[in-house]
Amino acid sequence: MEKKKFYLTTAIAYTSSKPHIGNVYEAILADSIVRYKKKDGYDTYFQTGTDEHGQKIEQKALKMGITPKEHVDKVSKELKDTYDLMNVKYDYFIRTTDDYHEKQVALAFDKLLQKGDIYKGTYEGYYCVDCESYFTEKDLIDGCCPDCGAKVTKNKEECYFLKLEPYRQRLLDYINDNPSFIEPESRKNEMINNFLKNPIPDLCVSRTSYKWGIPVNSDPKHVIYVWIDALINYITGLGYRFDAKSGDLFDKYWPADVHLIGKDILRFHTIYWPIILMALDIELPKQVFGHPWVLMNHNKMSKSKGNVIYSDDLVNLFGVDAVRYYVLHEIPFAADGNITYELVCERSNSDLANTYGNLVSRTIAMVKKYFNDEEIKLCEPTEFDAALKNQFEEAIKKYKALMDQFKVADALEEAMKVLRQANKYIDDTAPWVLAKDESKKNILMTVLYNLLEAIRIGSILLEPAMPTTSLKVYKALGTNKTEFTDLSFALEAGYKVSPCEILFKRLDVKEVMDYVVSKEQANQVNETKAEPTKPLIDIEDFDKLDLGVGKIVEAKKHPKADKLLVFKVDLGNEVRQIVSGIAKFYKPEDLIGYKVIVVKNLKPIKLRGEDSFGMLLCASDKDDNKLELIQINSLNPGDIVR
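Residues numbered from 1 in each chain as written. Predicted model: local features only at pLDDT ≥ 70, side-chain atom pairs only at ≥ 80, totals over all residues. Heavy atoms only, no water.

J.: I'd like to hear about a nonpolar patch on the surface, residue by residue, with values.
T.: Together, Ile537, Ile539, Phe542 and Leu545 make up an exposed nonpolar region whose accessible area comes to about 390 Å². Within the secondary structure, Leu545 is located in the loop between helix H20 (539-542) and strand S18 (547-557). (Patch = residues over 30% accessible without salt bridge, like charges linked within 9 Å, V, L, I, M, F, W, Y side chains within 5 Å. Areas by Shrake-Rupley, 256 points an atom, 1.4 Å probe, with all protein chains shown as cover. Salt bridge = Lys/Arg side-chain N within 4 Å of Asp/Glu carboxyl O. Helix = DSSP H or I, 4+ residues; strand = E, 2+ residues; numbered from the N terminus.)

J.: Could you give me a rundown of the pattern of salt bridges, with the residues and numbers involved?
T.: Between side chains of opposite charge, a pair can form as their charged atoms come close. Taken as a whole and assessed by the stated rule, the structure comprises 45 salt bridges. The closest approach of N and O atoms between Asp312 and Lys18, which form a salt bridge, is 3.1 Å. Separated by 294 residues along the polypeptide, Asp312 in helix H11 (residues 311-318) and Lys18 in the loop between strand S2 (13-14) and helix H1 (21-39) bring together distant segments of the chain. The exposure class of Asp312 is partly exposed, given its relative accessible area of 29%. Lys286 is the salt-bridge partner of Asp257, the closest N and O atoms lying 3.2 Å from each other. Of this pair, Asp257 sits in the loop between helix H9 (248-253) and strand S13 (258-262) while Lys286 sits in the loop between helix H10 (266-279) and strand S14 (288-291), and the two are 29 residues apart along the sequence. By relative accessible area, Asp257 is classed as buried at 15%. By relative accessible area, which is 44% here, Lys286 ends up partly exposed. (Buried < 20%, exposed > 50% of the residue type's maximum accessible area, 1.4 Å probe, protein only.)

J.: How would you explain the packing of aromatic side chains if you had to name every residue and give the values?
T.: Under the definition given, this model contains 24 aromatic pairs. Ring centres of Tyr36 and Phe484 lie 5.3 Å apart, and the angle between their planes is 55°; on these two criteria the pair is classed as tilted. Taken together, the residues span a long stretch of sequence, with Tyr36 in helix H1 and Phe484 in the loop between helix H18 (467-477) and helix H19 (509-527) at a distance of 448 residues. Judged by centre distance (4.9 Å) and plane angle (75°), the ring pair of Tyr240 and Phe242 falls under edge-to-face. As far as the burial class goes, Tyr240 and Phe242 line up, both buried. (Phe/Tyr/Trp six-rings, centres within 6.5 Å; stacked < 30°, edge-to-face > 60°.)

J.: So, the sheet that holds strand S7 (residues 153-162): which residues are in play, and what are the values?
T.: Spatially, four strands are ordered S6-S5-S7-S9 in an open sheet, and the strand pairing comes out antiparallel. Looking at which strands have only one partner, the edges of the open sheet turn out to be strand S6 (133-135) and strand S9 (203-204). Pairing of strand S5 (residues 118-128) with S6, which is carried by three bridges, proceeds in the antiparallel orientation. Looking across to S6, one finds that Tyr126 is bridged to Phe135. (Pairing = 2+ DSSP bridges.)

Below is the structure:
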């Protein structure tokens, strides 16, 4: 019988900077869902990737003195490395700078333009670089972006627009006819009440104010709106083509079973994306699931706020599976979750060390102590067996029902509850007492068999969250009954166990926090050392500069440019004309007699008709609101700067 298909995507991560644990949570959640579906017999396909175009990336690369492509290559690799670290196993990693994707996005734009769903106009509004989005004045909150809180700029530019209103009612009907299209329910209500109940303005889908994007084929001064570029990845990653027959993957897996995204980008995925697909005559995805955020001390993580936690720092302290378990267990289905080092430590100690790890180590130790290498089989029952078996059967049903709804946190709690029951079973049956009575050896073996079964089943339930740990346990148990088809109590004929390493060590919260504080202090020291904003150079590169002391002997305004001043500068053995854009900060008459640093071997240039043979060195703040001409006191014209 052919397997059922399951195609899941995450949002593609924006390549602005190294991802923190809040960014990576989505991939861990996706990975756990796909692992569950795979174990449940589905033919799965999991796609993720990076969103690599846009003004923010162009600006960031410019500040760093590198190309946008060099920047996104670096961040994309960092994300892949982080996913590898967190044991996220995707089937395909798409990058929006991939040649195939860029070509298909441009062709999609052409198709919408030819159909009349896209038209050219002029847009005036408030633009958020961080979100790559325009807003009207009424949308703003205290003059800032309503989505991320960043400052916005008022822009006016020629743009192309996508018509939204003609598709609004059709989208509303689709949402009403497919109640699970937007999950959770609260997210659906938000989209309907805040956006779809009333007419919606057309969407600006091109920009001319930056170049780092996919050009419009018929009008290359425009680059395509980064969100169209990003959203189309869900079909181009499957080989969808606008210029030929699509690939087999698209025919096999589309429509997507679920787009797993953060709640902050719900509007793009539940309004703009469905309308784009409708306009392109492509079937809509089955579901868009807007997951909550991982908060740091109840605040959204942000590098600018300095409240981010990175995956590698957590893994160094707690291990991969403990971090995976924490974020999956502590982020509820429809509400934000919180993370701190203390909370991870406490949860790791309570659930993983005390409940799960302790159950495994105690049970295997008792098997070795009381039966050595003897095979452990089901023998004479105890009065507590039926209750334990029933608890596991109920837990399995609840777990699967919850995982099918993507309520991963609740499902993991069901698994942990039943493992707590297994620990209680130890206390109820008291194996150490049974071991003292030779006539109760068969009862003791049954108790240990039941505990091994409890560990086996619990490990299967926990495997989507903690795959490496479950594999260690299966190996120690010597079992191959590890699939969901094996989730029956008393299924294993017998056990011959091997020693198992300690799965999770108990951690001292104070020691953990002392380590964290010391590391943060070390980082603060390192951050005081200014990082270069441009690529490092060798001494040979610096030696190419011919820097010397000069004295301004004449200064006047440029006759054709208000921002420029024209200087005559005495360099000791010659007087040169140099043009400099500092008129905003200095009156020319005030600069006569200044001794300055001159770049003498700068290639000559003509600035608005005036020749310039060098450059004056200045310093400015990062926003260019303040500027100072660098002055020399005791040296004389012609002296060398080195």
